[in-house]
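What the coordinates show
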Amino acid sequence: MLGTLLQISSHKRKACKQSQTSKSPENAAYLPFRTGYQLKDRPIFQSHCSLRYCWPPAPAKVCAEVKMEAGRVRKQRQVLIFFLLLGVAQADWGPRRYFVMEETESGSFVADLAKDLGLGIGELAARKARVVSEDNESRLQLDLQTGKLILNEKLDREQLCGPTEPCIMHFQVLLKKPMEVFRAELLVGDVNDHSPEFPEREMILKILESSPPGTVFPLKKAQDLDVGNNNIQNYNIGPNSYFHISTPNPGDGRKYPELVLDKELDHEEQCEFRLTLTALDGGSPPRSGTTQIRVMVLDVNDNAPQFEQTLYEVQVPENSPLGSLVVKVSARDLDAGANGQITYSLFYSSEEIGKTFGLSNLSGEVRLIKMLDFETISSYELDIEASDGGGLSGKCSVSIKVLDVNDNSPELIISSFASPIPENSPETEVALFRTRDRDSGENGRMVCSIQDDVPFKLKPSVENFYRLVTEGVLDRETRAQYNITITVTDLGTPRLKSEHSILILVSDVNDNAPAFSQTSYTLSVRENNSPALHIGSVSATDRDSGSNAQLTYSLLPPQDPHLPLASLVSINADNGQLFALRALDFEALQAFEFRVGATDRGSPALSSQALVRVVVLDDNDNSPFVLYPLQNASAPCTELVPRAAEPGYLVTKVVAVDRDSGQNAWLSFQLLKATEPGLFGVWAHNGEVRTARLLSERDAARHRLVVLVKDNGEPPLSASVTLHVLLVDGFSQPYLPLPEVAPERAQADSLTVYLVIALASVSSLFLFSVLVFVAVRLCRRRRAAPRGVCSVPESHFAGHLVDVSGTGTLSQSYQYEVCLRGDSESNEFKFLKPILPNILRQHCGRKSEDIPTLQNNLDQHKT
């Protein structure tokens, strides 16, 4: 319908232009209509070609008919416009079309896309709207703030589309979230910005003088890069009486000027003419181009060359090699001699045709001199002229159709790409791209694929768009990057493909807790260490990366609330090194446990724990301590030894302990000093003091022994103890005062002496009764010993007795009750009492004669 209106308007303009020669009714133009309406050969003057007005001198009847026809045309136009608008409204599903004139300034408004798409302005920015053209050139720009489509640069219709009409630029509007593609077309209107140009500045025509009037001589046409009405509409020449210009319309839209002979020529009268040919386009204002025509009048040559075909149609594959034969034209001339010799030439050729095809002047062969490209130009039209020696010529046309060959690999154009992507995200769009193949038909159909061993997949969209999305959740710790190869293959023969590789990085998410190298650590440190001593380290790793793998170490609250962990150890938060804050004491704390934590810096933060056990190693920092005999007693203890004691008689036993452990607590004993050397000896391992020989009357009654107790540490530590030994003839001999007793103690109150004597007497009677009871029991046991029976009842020690059984390094248990007082003038003592039941239990089943200690004790009891 729109075409009908345009054609009506076009014919109106033609009628106006054809009537420009004169205002007289004789030279008036006729107004034809494509719709079938005309004024039945009624003239309308050039000055008012519009149907709305009539020239006043015209007859009234003619004007009335003109007005009537104008009314019909208006009604027709209104109906056509209505149906046109209705068709546009119903075609909303198709590509949206917009119009802009070429040479429009950059930044000019084209369309309000937000309004046309029914979207809010904020929605365009939120959905990341963008404009993508077919040739990937950014000629259009979408303003996301206003939703308006504007020109990014000046458009040149001739550069975009060449002679193609209409000139349509396809583009798409891409929207995300969700993915949508709107197709649109921009119709670029032509502006009359090019003037017609002739291929030559001068054309030479050779015309026989015998040519009759009305003979037509084709001329080379001018070229105008504009299209439509802006293209060449008419040709004319300067005033002369022999020729005029005719412009026939062959139906293919091309107009060729023809020189028409109006009257006979006479070579003898005028052998040459010079004419100016002018080409006019239909623009407003119109543009023109001129060339010179040189007409040479020849003598008679009555046969012009004739082609075998007026139209040659050939098909040529686009991959034809250079020099290949496209077509061979042939013409013949019935004349003989020079008038029959034919030469061929391209009658009209554009610059592109002249660079692509070569014509042999003698043979008429057309060969390729430049490779063809179906995607650039799919067809060519050649006009070939055959001229004889007499100046006559003939013309034929060659239509060359280029056949498409699968010579273009598919193309891949990425519209958006996101990298890196989070590792734990579900289906995520990584890239949006489209494919394109410049071939046609099956050669232009494509399939797209990626390799199978990657967790990604392709999702086809519209208009050859694809989305590359993740298939499931990724794990950066398993694989941190992927090299995806997208392969696009066409369906031509042979098949062509192109590959595009993209590197996708996987960003880390804090999904891995720190892991210690050991679940528990055992560290050792010697006691008496220096403060801030490095005692060891804990180490943890995190499979994540970046800040998610940066760890911070800390001490966790101990399970034992009484453990002062904060004052014992500290930890370096960056590297996990542990330090002792103060000196440790093995004797106070031999080992302690606590937990350390490792926390990453992710969000949310993850952590783990490990157990640390610190073992304090003993250092020899404690000297031996003597338990017996006591050295700080108010009164020194004296050991009584009968002069009748045999060698090896047990005098006493030094009992000592060491707070250290291990070899630091292994004690050894030695006699450091004695009043009479060689009389007593000390066993090195148990501290027993025994007589080394028989006692004699010549031996002094009082002896002072210094025993050294030494541990096995490094360096060894020691302690000494002083023993007082009194040699007596019998246990009834009164105790002799020791010289060490202070004289002031001898002068104690007499009342205290009497009380001590009374107490000693009572104690002696009680002791005597006990001895008798024990002796009776021993006699009974001695009788039962040969029979292998040993029955010793267990008895508890009295509260005033000292039990040293199992203490230190003693191998036997003894009970001593010795009290020597130096604060009384009449001293008294209690008898030495070995623990008979313990001795009997140790030597159960043996005779008393085989047990020296037991025998010594029994002998003393008998006396």
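Presented here is a report on the structure given in the accompanying data block.

What counts and how
Residues numbered from 1 in each chain as written. Predicted model: local features only at pLDDT ≥ 70, side-chain atom pairs only at ≥ 80, totals over all residues. Heavy atoms only, no water. Helix = DSSP H or I, 4+ residues; strand = E, 2+ residues; numbered from the N terminus. Buried < 20%, exposed > 50% of the residue type's maximum accessible area, 1.4 Å probe, protein only. Contact = heavy atoms within 4.5 Å. Areas by Shrake-Rupley, 256 points an atom, 1.4 Å probe, with all protein chains shown as cover. Disulfide = S-S within 2.5 Å. Pairing = 2+ DSSP bridges. Axes fitted to C-alpha atoms, helices over the stretch in contact; angles between N-to-C directions. Salt bridge = Lys/Arg side-chain N within 4 Å of Asp/Glu carboxyl O. Core = buried A, V, L, I, M, F, W, Y, C linked by side-chain atoms within 4.5 Å. Patch = residues over 30% accessible without salt bridge, like charges linked within 9 Å, V, L, I, M, F, W, Y side chains within 5 Å.

1. Notes on the overall build of the protein chain
Within the protein chain one finds 11 helices and 51 strands. Out of the 863 residues belonging to the protein chain, those deemed buried represent 40%. Across the protein chain, contacts joining residues at least 24 apart in sequence account for 66% of those joining residues at least 6 apart. Surface accessibility of the protein chain: about 46,500 Å² in total, with carbon and sulfur atoms responsible for 52%.

2. Details of the state of the cysteines
Applying the stated criterion across every chain, the model contains 1 disulfide. At a sulfur-sulfur separation of 1.9 Å, the disulfide partner of C161 is C167. Sign of the S-S torsion, about 65 degrees for the bond between C161 and C167, identifies this disulfide as right-handed. With respect to burial, C161 and C167 carry one shared label: buried.

3. Thoughts on the sheet that holds strand β38 (residues 577-580)
Taking strand neighbours across the sheet as the criterion, the 3 strands line up as β34-β38-β37 in an open arrangement whose pairing is antiparallel. In this open sheet, the two edge strands, each paired with only one partner strand, are β34 (533-537) and β37 (569-571). Across this sheet, the average inter-strand angle for adjacent strands is 30 degrees, counted without regard to direction. In terms of strand pairing, β34 meets β38 through 4 bridges, oriented antiparallel. Note on β38: the bridge partner recorded for S537 is Q577.

4. Quick look at the sheet that holds strand β23 (residues 393-403)
A sheet is described by the order of its strands in space; here 4 strands give the open sequence β16-β23-β22-β19, paired in mixed fashion. One side of each edge strand has no neighbouring strand; the edge strands of this open sheet are β16 (311-317) and β19 (343-348). For this sheet, the mean inter-axis angle between neighbouring strands, taken without regard to orientation, is 30 degrees. Across 5 bridges, β19 lies against strand β22 (residues 379-387) in antiparallel orientation. What sits directly across from Y344, in β22, is A386.

5. Observations regarding the environment of G536
Looking at the secondary structure, you find G536 in strand β34. Spatially, the C-alpha atom of G536 lies 5.4 Å from that of L578, the residues being 42 residues apart in sequence.

6. A word on the pairing of strand β4 (residues 140-143)
Of the two faces of β4, only the one carrying L140 and L142 is buried; Q141 and D143 on the other face are not. The sheet contact formed by β4 and strand β5 (residues 148-151) spans 4 bridges and is antiparallel. Paired with Q141 across the two strands is I150, which belongs to β5. Counting the residues in the hairpin turn of β4 and β5 gives 4 residues, including G147, whose phi is positive at 75 degrees.

7. Things to note about the pattern of salt bridges
Applying the stated criterion across every chain, the model contains 31 salt bridges. Salt-bridge contacts for E463 lead to R183; the nearest nitrogen and oxygen are separated by 3.1 Å. Here the residue E463 occupies a position in the loop between β28 (456-460) and β29 (465-470), and R183 occupies one in strand β7 (residues 180-189), the gap between them amounting to 280 residues. Salt bridges sharing partners connect three or more residues here, namely R157, E158, E165 and D190.

8. With respect to the nonpolar core
F516, V538, F592, F594 and V612 are the most contacted members of the largest nonpolar core, which has 26 residues in total. Breaking this core down by element, the ones donating at least two residues are β33 (520-526), β36 (551-555), α7 (565-568), β37, β38, β39 (591-600) and β40 (607-617). When neighbours within four sequence positions are excluded, F516 is seen to be in contact with Y521, V538, S539, A540, Y553, V596, G597, A598, S608, Q609 and A610.

9. Thoughts on a nonpolar patch on the surface
On the surface, a nonpolar cluster with roughly 310 Å² of combined accessible area is contributed by F99, M101, I168 and L187. Structurally, F99 can be placed in strand β1 (residues 96-101). Among the residues examined, F99 registers a relative accessible area of 46% and is labelled partly exposed.

10. Things to note about the pairing of strand β21 (residues 365-368)
Only one face of β21 is buried, namely the one carrying V366 and L368, since none of E365 and R367 on the opposite face is buried. Across 3 bridges, strand β17 (residues 325-328) lies against β21 in antiparallel orientation. Considered in β21, the bridge of L325 is made with R367. The turn linking strand β20 (residues 357-359) back onto β21 is made up of 5 residues, and G364 within it adopts a positive phi angle of 75 degrees.

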